[in-house]
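So you can see what is in the structure, the chains are spelled out below.
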Amino acid sequence: MTPFRMTYAGVPLDRASHIRADAGQVAALLAGGRAMLLPVWNQRHLFGDDTAASGPRAGVIPFADLDRRLIRAEAPPVFLGMQGDVPWFALGLPDSELPPDLGIAGEFRMLNEVVSLLAADEAAMVAYARAMVIWHGNHLHCGRCGAPTESMEGGHSRQCLNPKCSHRAFPRTDPAVITLIEDPAGKCCLMGRQSKWPPGMYSVIAGFVEPGESLEETVIRETFEETGVRVGAVRYMASQPWPFPATIMLGFHARALTTEINLTDNELEDCRWFTRNDLRSFGNPDGPYPNTRLPNPFSIARFLVNTWLAEG
Ligand SMILES: [Zn+2]
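Analysis parameters
- What you see as residue numbers is a count from 1 along each chain, following the sequence as written.
- Thresholds applied to this predicted model are a pLDDT of at least 70 for local features of residues and 80 or more for the giving and counting of side-chain atom pairs; totals over whole chains, interfaces and linings are not thresholded and use all residues.
- To obtain the side-chain values, all non-hydrogen atoms of the structure were used and water was disregarded.
- These domain limits were set by an automatic method or by a database of domain assignments.
- We call two residues in contact whenever any of their non-hydrogen atoms come within 4.5 Å of each other.
- Throughout, the accessible surface (probe 1.4 Å) given up by two parts as they are put together, summed over both, is called the buried area.
- Every case where a carboxyl oxygen of Asp or Glu lies within 4 Å of a side-chain nitrogen of Lys or Arg is listed as a salt bridge.
- Polar contact criterion, stated in full: a pair of N or O atoms within 3.5 Å, where within protein one must be able to donate a hydrogen and the other to accept it, and residues adjacent in sequence count only if both atoms are side-chain atoms.
- We count a stretch as a helix when DSSP gives it H or I for four or more residues in a row; a strand needs E for two or more, and each element gets its number in order from the N terminus.
- Side-chain classes are defined by residue name, with Ala, Val, Leu, Ile, Met, Phe, Trp, Tyr, Cys and Pro counting as nonpolar, Asp, Glu, Lys and Arg as charged, and the others, Gly among them, as polar.
- A pair of strands is labelled paired if DSSP reports no fewer than 2 bridges between them.
- Here an axis means a line fitted to C-alpha atoms, over the contact stretch when the element is a helix, while the angle between two N-to-C directions is reported on a 0 to 180 degree scale.

1. Here's the deal with the domain arrangement of the protein chain
Segmentation of the protein chain into domains returns domain 1 (17–169) and domain 2 (174–311). Between domain 1 and domain 2, the C-alpha centre-to-centre distance is 33 Å. Contacts between the two partners involve eight residues from domain 1, matched on the other side by four residues from domain 2. Taking both partners together, domain 1 and domain 2 bury about 520 Å²; carbon and sulfur atoms supply 80% of that area. Where domain 1 meets domain 2, there are zero salt bridges. Linking domain 1 to domain 2 there are one residue pair in polar contact (both at pLDDT 80 or more). For the side of domain 1 that touches domain 2, the elements supplying multiple residues, two or more each, are helix 3 (111–114) and helix 4 (120–137). Sort the elements by how many residues they give to the side of domain 1 that touches domain 2 and helix 4 lands first, with four residues. Along the lines of polarity and charge, the residues of the side of domain 1 that touches domain 2 split into five nonpolar, two polar and one charged.

The following block contains the structure:
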């Protein structure tokens, strides 16, 4: 298989984790005149004009130009890593009805609405900043005792301020499995759709890993719960960071043992077996599925479909 860069992966930084523990060094990098910030406001990101020939660029603020009142004491800039001698940080802006004026042109937009126009490195940088800022926003209080927490290690942990507790939390990524299931003969694959998805879009089967479960067990359980199909062999393919808000998608191909579909848990409104030629004809106005479409090309779901199509 040709090497494939999954969208949102491949952050072009040295994460420089050895620096995080030294608060003085992190502060010196932030104030040293080279630091660049990726702002996040209300789960949105700053992007420039998308009519530019190069597409919209992610809005970046030199720390030197930042109005310090936009730094929240409880969630200071998060050290993301080094790009050469430039330290990069993520900044979660204060919650406000309207986005704050950062003094640069641009608009705050959802990452998944803009991703098709972004360079791969930018998509990865914004996704990383987003994941860190969302994690801080959800961990301002201790999950054990409820006391306020403070950012530590350049933003890569949070410490409970209650001295009797001192619980420390680390950024988490929730594992989810996503699986292309082929029928016992290897001729068809199982695709379903949720009613909330874009009209006509079918995708592969996905679900969150539960405690006490291996990834293979999740694939088998989720597939049966959602479709009634029994799965046998499971083969790992690839993974994709998916910060919407905090998931890592773990992609598999699997072989079904049965073919009868039963939408038992109502997560899917429809689910069918499709041949490779069916999938290739999706969206073709002269084909049998003119109003259907595959998952978007920036998703691991599409990668799993494309790799399966390439096998037959
Ligand atoms: Zn605590």
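From this point on, the discussion continues.
2. With respect to the sheet that holds strand 8 (residues 157–160)
Strands belonging to one sheet form pairs held by backbone hydrogen bonds; the direction of such a pair is parallel or antiparallel. The strand order across the open sheet formed by three strands is 7-8-9, and the pairing between neighbours is antiparallel. Looking at strand neighbours, the two that pair on one side only are strand 7 (149–152) and strand 9 (168–169), the edges of this open sheet. Bridge count between strand 7 and strand 8: four bridges; the pairing is antiparallel. Each bridged residue has a counterpart across the sheet, and for Met152 the counterpart in strand 8 is Ser157. Sitting on the sheet, helix 4 touches strand 7, strand 8 and strand 9, and the angle it makes with strand 8 is about 10 degrees.

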